[in-house]
Amino acid sequence: MELRKTETYSVQQMILEKKSKKKVNVEKIIPKLLFLMAAISVFTTIGIILTLIFETFIFFDRVSIVEFFTESKWLPFASVPSFGIMPLIVGTLKITLIAAVVAVPVGLATAIFLSEYASEKTRRIIKPILEVLAGIPTIVYGFFALTFVTPVLRDLFPSLDMFNALSPGIVVGIMIMPMVASLSEDALVSVPKSIREGAYALGATKLETTIKVVLPAAVSGIVASVVLGLSRAIGETMIVSVAGGSTPSMDMDVTSSIQTMTAYIVQVSSGDAGYGTTIYYSIYAVGMTLFVFTLVMNLLAQFISRRFREEY
Amino acid sequence: MKLINKSHVAKRMPVRLAVNTICKGLFFLATLVGLIVLAILFYRIFTQGIGHLNGDFLQNFASRKPEEAGIKAALIGSVWLMAVVAPVSLMLGVGTAIYLEEYARKNWITTFIKVNISNLAGVPSIVFGLLGLTVFVRALALDRSVLAAGLTMSLLVLSVIIVAAQEAIRAVPRDLREASFGMGATKWQTIRKVVLPAAIPGILTGGILALSRAIGETAPLVVVGIPLFIAFLPQTVLDTFTVLPMQIYNWTSRPQEEFQQVAAAGIIVLLILLIVMNSIAVLIRNKFQKRY
């Protein structure tokens, strides 16, 4: 900017000059542009829901919705196909239940240890290790289930099949354990120190304080973390595809091959079921069921943590 | 009047303390479970895969013979996928975060967007695959291309990036913004030249973590229909390709024992990639972490 000595030249004039030079008003356009970007996340949800609804409708045009929910056999590749989703749901629930048996006690105990007993130094070592465990790709866990956990379990129980529900269930449990642990720990840490100290002052031991005072105060966060973890287990795909087999079954046996909803979608996608066949549309009906399951659980988790939160 | 029977308390005390110690031990053992599993997992994969990991493995294409199988197409394919996912997801994610933190008014639309993002984070990845298959592969006719897979993956990690960017932007103190406004800067100038530079380490850390999730994801790509076996490299974003986790899945599901070692070698490559990305994220976090 050249200085003009003769005339006065104020900052205000400079601002006005600069403003008049700009033809496009950036300040007005940017918020609209950013709003469009934010809208894409909403369109994603709408896209998912519409996709699932439309393709599921085409499927229900060919297979009756009553058969879908009441038939007890899932045999899409048979010469007389049968589409009853119950066996896939049973398979999914079996995996989820086994995962819960592993993840809930171990995750909760880890959370209690980290928040109540561990020193700052121990926490700083263990928390990153849990993060690493949470960051391992699921296909790696699947490989681990098939090549390590299954052989070890077969040494223990010789009647176990090569593909079974037990091994992927345990590994899914290990996969969701860090998530349960870290969310539960957050809930425990947010319980104020003063109510712990009140319990100590009454002569309670650390364990008594934890179980009778801290856990009840944090219960909403802990339950929410478990529900979220189980919702992850329901949607988990690669571990069950690799190690769970592909035999949909209704019985409660965990030693034989099963199929989950996710594993069925993978089986169809990696095979060559042509576009437009009933089998092609069946993956959307299964996907829809899966989506509703996880959505309900996620909403439940949000509801629990909001409704039953203790405010201090 | 005696309120507390001291002898009774004293008699119970050793048992209560013992139970406390035992439970502390149990909690510690449970914590060790995670560490032990991680150690076994790394040990198993390392010992199984190390024999196969050499220059040839990195330079060969996939093969039906385990001794000739290599990971070139998958490794390059993963890089291609990242080249689409990184710009798309970062731009959308950071844009959304800026809107929500700086511009959005408190009304039902904003609340709806926020609730929607937190629900999107809980949708199983395979459902994103169904979305990608219908919208990108079929409706937009992108076929099984890098672009179709990349866009699907971008939507999958979008919610992670938005949340990380929101936190980073929120951590920039008000004083900085007000100082900038006080100097006469407009809102967008303040965001571009003051808020974003201060928030960039946090955004990058979150972004890299989200990308490392995208690089390890398999399920949505299986549904999109990315081939499991391929022997050429993509030339443009419209070509088909394969990625590391897909190649590992392919090798894992083969019955021959030898392919499990090839799979383990592939996993080592994938894990090294993830470790490098996470180390960069940690480095950025430590180097640029400012305390206001």
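Residues numbered from 1 in each chain as written. Chains lettered and ligands numbered in written order. Predicted model: local features only at pLDDT ≥ 70, side-chain atom pairs only at ≥ 80, totals over all residues. Heavy atoms only, no water.

Another aspect to go through is the domain arrangement of chain B. Residue and element names in this part refer to chain B. We note that the domain assignment places domain 1 (6-52) and domain 2 (57-288) within chain B. Relative to domain 2, the C-alpha centre of domain 1 lies at a distance of 36 Å. Taken together, the contact pairs seven residues of domain 1 with 12 residues of domain 2. Summed over both sides, the interface between domain 1 and domain 2 buries roughly 740 Å², with carbon and sulfur atoms accounting for 76% of that surface. Of all residues in domain 1, I45, Q48 and H52 bury the most surface against domain 2, accounting for 74% of the area lost on that side. In this assembly, domain 1 and domain 2 are joined by zero salt bridges. Where domain 1 touches domain 2, the interface holds zero residue pairs in polar contact (both at pLDDT 80 or more). (Domains from an automatic or database assignment. Contact = heavy atoms within 4.5 Å. Buried area = accessible area lost by both parts, 1.4 Å probe. Salt bridge = Lys/Arg side-chain N within 4 Å of Asp/Glu carboxyl O. Polar contact = N/O pair within 3.5 Å; in protein donor to acceptor, adjacent residues only side chain to side chain.)

On to the side chain of R16 of chain B, then. You can see R16 of chain B is positioned in helix α1 (residues 6-49). For R16 of chain B, a relative accessible area of 18% puts it in the buried group. (Helix = DSSP H or I, 4+ residues; strand = E, 2+ residues; numbered from the N terminus. Buried < 20%, exposed > 50% of the residue type's maximum accessible area, 1.4 Å probe, protein only.)

On to the packing of aromatic side chains, then. This model, assessed by the stated rule, comprises 14 aromatic pairs over all chains. Consider the rings of F144 of chain A and F148 of chain A, whose centres lie 5.2 Å apart with planes at 20°: the pair is stacked. With F144 of chain A and F148 of chain A both in helix α6 (residues 138-156), this residue pair falls four residues apart, about one helical turn. You can call F144 of chain A buried: its relative accessible area is 4%. Geometry around Y103 of chain B places K187 of chain B over its ring, the cationic atom sitting 5.1 Å from the centre. R254 of chain B extends its terminal NZ or CZ atom over the ring of F259 of chain B, reaching a point 4.6 Å from the ring centre. (Phe/Tyr/Trp six-rings, centres within 6.5 Å; stacked < 30°, edge-to-face > 60°. Lys NZ or Arg CZ within 6 Å of the ring centre and 35° of its normal.)

Moving on, we come to the pattern of salt bridges. Scanning the model with the defined rule gives 10 salt bridges over all chains in all. Put simply, E185 of chain A and R123 of chain A hold a salt bridge, and the shortest N to O gap is 2.9 Å. One end of the pair, E185 of chain A, is in helix α7 (residues 166-189); the other, R123 of chain A, is in helix α5 (residues 120-135), with 62 residues separating them in the sequence. On the basis of relative accessibility, which here comes to 1%, the residue E185 of chain A falls in the buried class. A salt bridge links E102 of chain B to R177 of chain B, with the nearest nitrogen and oxygen atoms 2.7 Å apart.

This paragraph deals with helix α4 (residues 86-117) of chain A. When the terminal C-alpha atoms of α4 of chain A are compared, their 44 Å separation across 32 residues agrees well with the 46 Å that a helix rising 1.5 Å per residue should span. Within α4 of chain A, the axis deviates most sharply at A100 of chain A, by approximately 30°. (Expected span 1.5 Å × (residues − 1). Bend = angle between axes of the 7 residues up to and from the residue.)

What follows covers the nonpolar core. Counting 180 residues, the largest nonpolar core has I48, Y141 and Y264 of chain A together with L81 of chain B as its most contacted members. When sequence neighbours within four positions are dropped, the list of residues in contact with Y141 of chain A reads L133, I136, V171, I174, M175 and I239 of chain A together with L41 of chain B. (Core = buried A, V, L, I, M, F, W, Y, C linked by side-chain atoms within 4.5 Å.)

Below, the discussion takes up the interface of chain A and chain B. Facing the 71 residues of chain A at the interface are 73 residues of chain B. Between chain A and chain B, roughly 6200 Å² of surface is buried when both sides are summed, and carbon and sulfur atoms account for 78% of that area. Inspection of the chain A/chain B interface yields one salt bridge. Here chain A is connected to chain B by 14 residue pairs in polar contact (both at pLDDT 80 or more). Of the residues forming the side of chain A that touches chain B, the biggest block, 18 residues, is contributed by helix α2 (residues 26-62) of chain A. Among the residues making up the side of chain A that touches chain B, the classes are represented as 45 nonpolar, 21 polar and five charged. (Nonpolar A, V, L, I, M, F, W, Y, C, P; charged D, E, K, R; others polar.)

With that settled, consider the side chain of Q166 of chain B. Residue and element names in this part refer to chain B. Within the secondary structure, Q166 sits in helix α6 (residues 146-170). Residue Q166 is classed as buried on the basis of its relative accessible area of 9%. Look past the residues within four positions of Q166 in its chain and what remains in contact with it is A97, L100, E101 and K114.

Closest axis-to-axis distance for the α4 of chain A/α1 of chain B pair is 8 Å, and the angle between their directions is 115°. Here α4 of chain A and α1 of chain B pass one another in a crossing that is left-handed. Listed contacts from α1 of chain B to V106, A109, T110, I112, F113 and Y117 of chain A of α4 of chain A are N20, K24, F27, F28, A30, T31 and V33 of chain B. Partitioning the contact of α4 of chain A with α1 of chain B into residue classes produces nine nonpolar, three polar and one charged. (Axes fitted to C-alpha atoms, helices over the stretch in contact; angles between N-to-C directions. Left-handed = near helix turned anticlockwise from the far one by under 90°.)

All names here are of chain B. One non-glycine residue, A141, lies in positive phi territory at about 55°. Structurally, the position occupied by A141 is in the loop between α5 (125-139) and α6. Unusually for a residue other than glycine, D143 sits at a positive phi of about 60°. Relative to the assigned elements, D143 resides in the loop between α5 and α6.

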